[in-house]
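# Tertiary structure, described
Listed here are the chains, written in short residue letters.
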Amino acid sequence: MLAKYGVFHAGGGLRTTVVFGLLVSLMLTGMPISIALGLTVLSFMFLLSDISLDSVAMKLFTGIENFEIMAIPFFILAGNFLTHGGVARRMIAFATSMVGHWHGGLGLSAVVACALFAAVSGSSPATVVAIGSVLLPAMVAQGYPKRFGAGVVTTSGALGILIPPSIAMVLYSVSTNTSVGKLFMAGVVPGAMLATMLGVTTWYRAWRNGYPRMERAAWATRARAARDSFWGVMLIVIVLGGIYSGLFTPTEAAAVSAVYAFWIAVFVYKDLRLSEVPRVLLASANISAMLLYIITNAVLFSFLMTSEQIPQAMAAWMVDRGLGAVSFLLVVNVMLLLAGNVMEPSSIILIMAPILFPVAVQLGVDPIHFGVLMTVNMEVGLCHPPVGLNLYVASGIAHMGITELTIAVWPWLLTMLVFLGLVTYVPEISLALPRLLGM
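Here goes a summary of the coordinates provided. (Residues numbered from 1 in each chain as written. Predicted model: local features only at pLDDT ≥ 70, side-chain atom pairs only at ≥ 80, totals over all residues. Heavy atoms only, no water.)

Check the secondary structure of the protein chain and you find 21 helices and zero strands. In terms of C-alpha radius of gyration, the protein chain reaches 22 Å, essentially the compact-globule figure of 22 Å for 439 residues. Along the first, second and third principal axes, the C-alpha atoms of the protein chain reach 80 × 45 × 45 Å. Counting every position in the protein chain, which comprises 439 residues, the buried fraction comes to 54%. The contacts in the protein chain between residues at least 6 apart in sequence include a share of 79% that link residues at least 24 apart. The positive charge centre, built from 20 side chains, and the negative charge centre, built from 16, are 14 Å apart in the protein chain. (Helix = DSSP H or I, 4+ residues; strand = E, 2+ residues; numbered from the N terminus. Rg over C-alpha atoms; globule rule 2.2 N^0.38 Å. Buried < 20%, exposed > 50% of the residue type's maximum accessible area, 1.4 Å probe, protein only. Contact = heavy atoms within 4.5 Å. Lys, Arg positive; Asp, Glu negative; His and termini not counted. Charge placed at Lys NZ, Arg CZ, Asp CG, Glu CD.)

Scanning the entire structure with this criterion turns up zero disulfides. You can see Cys114 has no disulfide; the closest cysteine sulfur is in Cys383, sitting 10 Å from it. A relative accessible area of 0% places Cys114 in the buried class. (Disulfide = S-S within 2.5 Å.)

A few words now on the pattern of salt bridges. Taken as a whole and assessed by the stated rule, the structure comprises six salt bridges. Where Arg435 meets Glu428, a salt bridge forms, and the shortest distance between an N and an O atom there is 2.4 Å. The class of Glu428 is partly exposed, set by a relative accessible area of 40%. Via salt bridges that share partners, Arg89, Arg90 and Asp271 belong to a single interconnected network. (Salt bridge = Lys/Arg side-chain N within 4 Å of Asp/Glu carboxyl O.)

With that settled, consider helix 21 (residues 428–436). Since there are 3.6 residues in each turn of an α-helix, residues three or four apart along the chain are aligned in direction. Buried within helix 21 are the following residues: Ile429, Ser430, Leu431, Leu433 and Pro434. The inward-facing, buried residues of helix 21 contact helix 10 (180–186), helix 11 (188–209), helix 18 (367–381) and helix 20 (402–425). Downstream of helix 21 by one or two residues, Gly438 has phi in the positive range, about 70 degrees.

Our focus in this paragraph is the packing of helix 16 (residues 325–339) against helix 20. For the pair helix 16 and helix 20, the least separation of the axes is 10 Å and the interaxial angle reads 145 degrees. Where helix 16 crosses over helix 20, the handedness of that crossing is right-handed. Residues Val326, Leu329, Leu330, Asn333 and Leu337 of helix 16 form the contact with helix 20, whose participating residues are Leu417, Leu420, Thr424 and Tyr425. Each residue belonging to the contact of helix 16 with helix 20 can be placed in one class, and the counts come to seven nonpolar, two polar and no charged. (Axes fitted to C-alpha atoms, helices over the stretch in contact; angles between N-to-C directions. Left-handed = near helix turned anticlockwise from the far one by under 90°. Nonpolar A, V, L, I, M, F, W, Y, C, P; charged D, E, K, R; others polar.)

Moving on, we get to a nonpolar patch on the surface. On the surface, Val326, Leu330, Val334, Leu338, Val418, Leu422, Tyr425 and Val426 cluster together into a nonpolar patch covering about 700 Å² of accessible area. Where the nonpolar patch is concerned, the elements lending two or more residues are helix 16 and helix 20. Here Val326 shows up in helix 16. (Patch = residues over 30% accessible without salt bridge, like charges linked within 9 Å, V, L, I, M, F, W, Y side chains within 5 Å. Areas by Shrake-Rupley, 256 points an atom, 1.4 Å probe, with all protein chains shown as cover.)

A few words on the environment of Gly181. Position of Gly181 relative to the elements: it lies in helix 10. Assessed through its relative accessible area of 7%, Gly181 is described here as buried. Considering only alpha carbons, one finds Gly181 and Pro165, 16 residues apart in sequence, at a separation of 9.4 Å. Setting aside anything within four residues of it in sequence, one finds Gly181 in contact with Ile243, Pro250 and Met439.

A few words on the nonpolar core. The nonpolar side chains of soluble globular proteins are, as a tendency, buried together. The biggest cluster of nonpolar side chains holds 145 residues, and the ones touching the most others in it are Phe301, Phe328, Leu336 and Phe370. Looking at this core element by element, the count peaks at 12 residues for helix 14 (residues 277–307). Once residues lying within four places of it in the same chain are set aside, the contact partners of Phe370 are Tyr172, Phe328, Leu329, Val332, Leu356, Phe357, Ala360 and Val365. (Core = buried A, V, L, I, M, F, W, Y, C linked by side-chain atoms within 4.5 Å.)

The next subject is unusual backbone geometry. A cis amide bond links Pro164 to the next residue, Pro165, at an omega of 0 degrees. The topology assignment puts Pro165 in the loop between helix 8 (146–156) and helix 9 (167–176). Positive phi, close to 60 degrees, is recorded for Lys270, a residue that is not glycine. Relative to the elements of secondary structure, Lys270 occurs in the loop between helix 13 (250–268) and helix 14. Unusually for a residue other than glycine, His399 sits at a positive phi of about 55 degrees.

As for its position among the elements, Leu136 is in helix 7 (residues 124–141). By relative accessible area, Leu136 is classed as buried at 5%. Spatially, the C-alpha atom of Leu136 lies 20 Å from that of Asn80, the residues being 56 residues apart in sequence. In contact with Leu136, other than residues within four places in its own chain, are Gly149, Ala150, Val153, Ile397 and Ala398.

What follows deals with helix 17 (residues 345–362). When the terminal C-alpha atoms of helix 17 are compared, their 24 Å separation across 18 residues agrees well with the 26 Å that a helix rising 1.5 Å per residue should span. Helix geometry: helix 17 is bent most strongly at Ala353, by close to 45 degrees, with proline Pro354 lying one to four residues after it. Along helix 17, 15 of the 18 residues are buried, which leaves the element largely enclosed by surrounding structure. Two residues or fewer past helix 17, Gly364 is found with a positive phi of approximately 90 degrees. (Expected span 1.5 Å × (residues − 1). Bend = angle between axes of the 7 residues up to and from the residue.)

Here we come to the packing of aromatic side chains. The tally for this structure, following the rule as stated, stands at 14 aromatic pairs. Seen from their ring centres, Tyr172 and Phe357 are 6.3 Å apart, and the 80 degrees between their planes marks the pair as edge-to-face. A residue pair is termed long-range when its members are at least 10 positions apart, and Tyr172 in helix 9 and Phe357 in helix 17 qualify at 185 residues. One aromatic cluster in this structure is built from Tyr144, Phe148, Tyr211 and Trp412. Over the ring of Tyr269 we find Arg90, and its NZ or CZ is 3.9 Å from the ring centre. (Phe/Tyr/Trp six-rings, centres within 6.5 Å; stacked < 30°, edge-to-face > 60°. Lys NZ or Arg CZ within 6 Å of the ring centre and 35° of its normal.)

Structure follows, in structure tokens:
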């Protein structure tokens, strides 16, 4: 058939164009990305490639025989137990007691609570729901403009995929065969740094506009709030401490976190009844199945990219034209930000990482640094239209239109873009902690 059977000759450039042209065309029809990936691979293999379809079927199964992939459903389950188990409410109380008396106190509480909850959930939309559903109505009741509260929660919720444990980092690890443990440790400093920058932006806007402040909490109140949130915060210590100490692998840490989250939600805080557990399990299974189906088809697409040597051709093209790491990283940021306009983070990582990673390595970019850079790009994509998932989640909570919410997030979104520039060209922000820990 066609080039496969000698009807016409398809050169390397034409074959590459066919691959991406077919993928984009299928996506533009509104077809789910996972199915578009699979159809692109099968169509190309059937029409233009000599590779046996039997080997494609084999790759379909061997490609997802990856121990790290098992971490994804466990982290999703842990996040769902915590979201339904009252952990977020206790973290909000702790954050409010610590920073509520500053300018924009409830806004700062949202940033701190999002950072804390991100460190136990690994999911940005879950963070927006858990924190926003409590704090947004409280901010409006205290006299904050709805736009201010929605902007803070939408962007701070994106910390969920940068501060470990992070499902996005697990996906990057699976796509590039990079250490999940190193990625998790590499996300700690950037996550704390971005949370600080978002907090400064929140404080400045509240100070300039004279937004309300809360009464300073007594030390007894702070101690009580810290005690109430202790069991939730301990999950951070268990996951990161267990990985760094070598007590268990990141995948085992995910399983431990799921069991621990179930225990504190049902038996310690008692906010989740045993009768509600099956509903949480089903919701987690639905999300996990969706992600694993995307991963399966992305593995096939990566196999196609490798067999056609497209990443190697891209690297050679850039080297021949004298593009170094600095120019390459700028191009990558632009590509990923544009991709964020039409795809959600999981799909972007699974499609783009196998293509860009070999080029980055050949140009001397550290794989861990590159993983953090891609994750920060995904954070930005979550907060801008037309497919920014955090926007839609926050829109439902705040009862605001997407256009109005897009305007509301701009001050914090600009802060995130500045941070993206810092992470891109100052690798030590990502690499200092893993190197300090000897990883």
